Amino acid sequence: MYEPAQLRTFLAVAQTLSFTQAARRLGLRQSTVSQHVRRLEEATGRPLFVRDTHGVELTEDGEAMLGFARTILEAHERAAAFFTGTRLRGRLRFGASEDFVTTRLPEILEAFRREHPEVDLELTVELSGTLQARLEAGRLDLILAKRRGGEDGDAGGELVWQDVLVWIGAPRLRLDPERPVPLIVFPPPGITRARALEALQAQGRPWRIACTSSSLSANVAAARAGLGVMAHTRGLLPHGLVELPARAGLPELGAVDFVLRKGRRRGSTQDAADALAAAILAGGDRLHRPR
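The shown structure was predicted, so the numbers you read here are calculated from the model rather than taken from an experiment.

K.L.:
Help me understand the confidence of the model for the protein chain, please; the structure alone is not making it clear to me.
P.N.:
Any segment with low pLDDT has predicted coordinates that should not be analysed in fine detail. Within the protein chain, residue pLDDT values average 88, and 95% of them lie at 70 or more. When mean pLDDT is compared element by element in the protein chain, strand β7 (residues 181-185) scores highest at 97, while helix α7 (residues 153-156) scores lowest at 52.

Next up, the structure:
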């Protein structure tokens, strides 16, 4: 038998690739997280993680356990809801960053709707900065958005996973070092836009805007056409685009966090937000894998 608490801890470590971040997410001591993982590895008889001074990585058996852990926990939650007779109701206004258009987030939302048919789920897809503003204004109840890496976890939301921003473009794109860097960007208050401009300015590298759109699909199309380069999350690399090599001479862009933040509403809305947040956290590893 695999203990649900150990499986939740395993998923948190697998998604953040950090025992420290997993402990913070779960509200546990780091020693407890290590104990849960060790006991789960004893139960399976297989190592699930490779740990060294450079970080944490899943083993092949750990990758396999991801699917099993999600299935077991989903069944556990369904059984608990059935026998306690709890049925979520009400309106839930959920906002997701443009970054998740091409991920498996729709599968998570579809499963949530099946499990909670009496929740009226309203989805808003926008830039992370816009979602943050709408949440603060009380116009959204839960958001899944980006924040700059290294921000205070308590103030910035519950970490789903961490990644880095990189420069991407068409495979045959070549930048002329004597000319301004052609940029494909989201409009303000796009986080990737701000970080790209800050990094280029700090490097003293001239730039020009080649394309701007609030649509990820439009920006990706412009990049595929060779109009310029984009700052983008490495783990969400769009099909047909590649990470630019170091010889392109562009500055590093730093880390980015993907977080869940809840609004201030209570009652049935808060219960629904908690349930959807739990579903997203349980399936967080699917959010940075292409469909």
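K.L.:
Could you clarify how one ought to interpret empty space enclosed by the protein in this entry?
P.N.:
The method is simple in principle: a probe with the dimensions of a water molecule rolls over the atoms, and the space it marks as empty is what remains. Under the counting rule described, the total for this entry stands at two cavities of 30 Å³ or more. Taken as a whole, the largest cavity holds about 80 Å³ of empty space. In terms of lining, the largest cavity is formed by Trp 167, Leu 183, Ile 184, Val 185, Phe 186, Thr 192, Arg 193, Ala 196, Asn 219, Val 229, Met 230 and Ala 231. Elements represented by at least two residues in the lining of the largest cavity include exactly β7, α8 (191-203) and β9 (230-233). Across the lining of the largest cavity, the residue classes break down as nine nonpolar, two polar and one charged. Considering only enclosed or pocket space, the second largest cavity measures out at about 50 Å³ in volume. Grouping the constituent residues of the lining of the second largest cavity by class yields three nonpolar, four polar and three charged.

K.L.:
Would you take a moment to explain the pattern of salt bridges for this structure?
P.N.:
It is possible for side chains of opposite charge to pair when their charged atoms get near one another. This model, assessed by the stated rule, comprises 16 salt bridges. The residue Asp 61 makes a salt bridge to Arg 46 at a minimum N-O spacing of 3.0 Å. Taken as a pair, Asp 61 in helix α4 (residues 60-84) and Arg 46 in the loop between α3 (30-44) and β1 (49-52) lie far apart in primary sequence, 15 residues in all. A salt bridge links Asp 257 to Arg 147; the shortest N-O distance between them is 3.1 Å. With Asp 257 in strand β11 (residues 255-262) and Arg 147 in strand β5 (residues 142-148), this pair connects stretches of sequence that are 110 residues apart.

K.L.:
Explanation requested: helix α1 (residues 4-16) in the structure shown.
P.N.:
Each α-helix turn comprises 3.6 residues. Residues three or four places apart therefore point the same way. An ideal rise of 1.5 Å per residue puts 18 Å on 13 residues; α1 measures up with 18 Å between its terminal C-alpha atoms. Extensive coverage of α1 is indicated by the burial of eleven of its 13 residues. Among the residues of α1, Pro 4, Gln 6, Leu 7, Thr 9, Phe 10, Leu 11, Ala 12, Val 13, Ala 14, Gln 15 and Thr 16 are the ones counted as buried. One or two positions beyond α1, positive phi appears at Leu 17, with a value near 50 degrees.

How each quantity is defined
- Residues numbered from 1 in each chain as written.
- Predicted model: local features only at pLDDT ≥ 70, side-chain atom pairs only at ≥ 80, totals over all residues.
- Heavy atoms only, no water.
- pLDDT = per-residue confidence, 0-100.
- Helix = DSSP H or I, 4+ residues; strand = E, 2+ residues; numbered from the N terminus.
- 1 Å grid on protein atoms, 1.4 Å probe; cavity = no way out; pocket = protein on both sides within 12 Å on 5 of 7 lines; lining within 4 Å.
- Points joined across faces, edges and corners; volume = space filled by probe spheres on them.
- Nonpolar A, V, L, I, M, F, W, Y, C, P; charged D, E, K, R; others polar.
- Salt bridge = Lys/Arg side-chain N within 4 Å of Asp/Glu carboxyl O.
- Expected span 1.5 Å × (residues − 1).
- Buried < 20%, exposed > 50% of the residue type's maximum accessible area, 1.4 Å probe, protein only.

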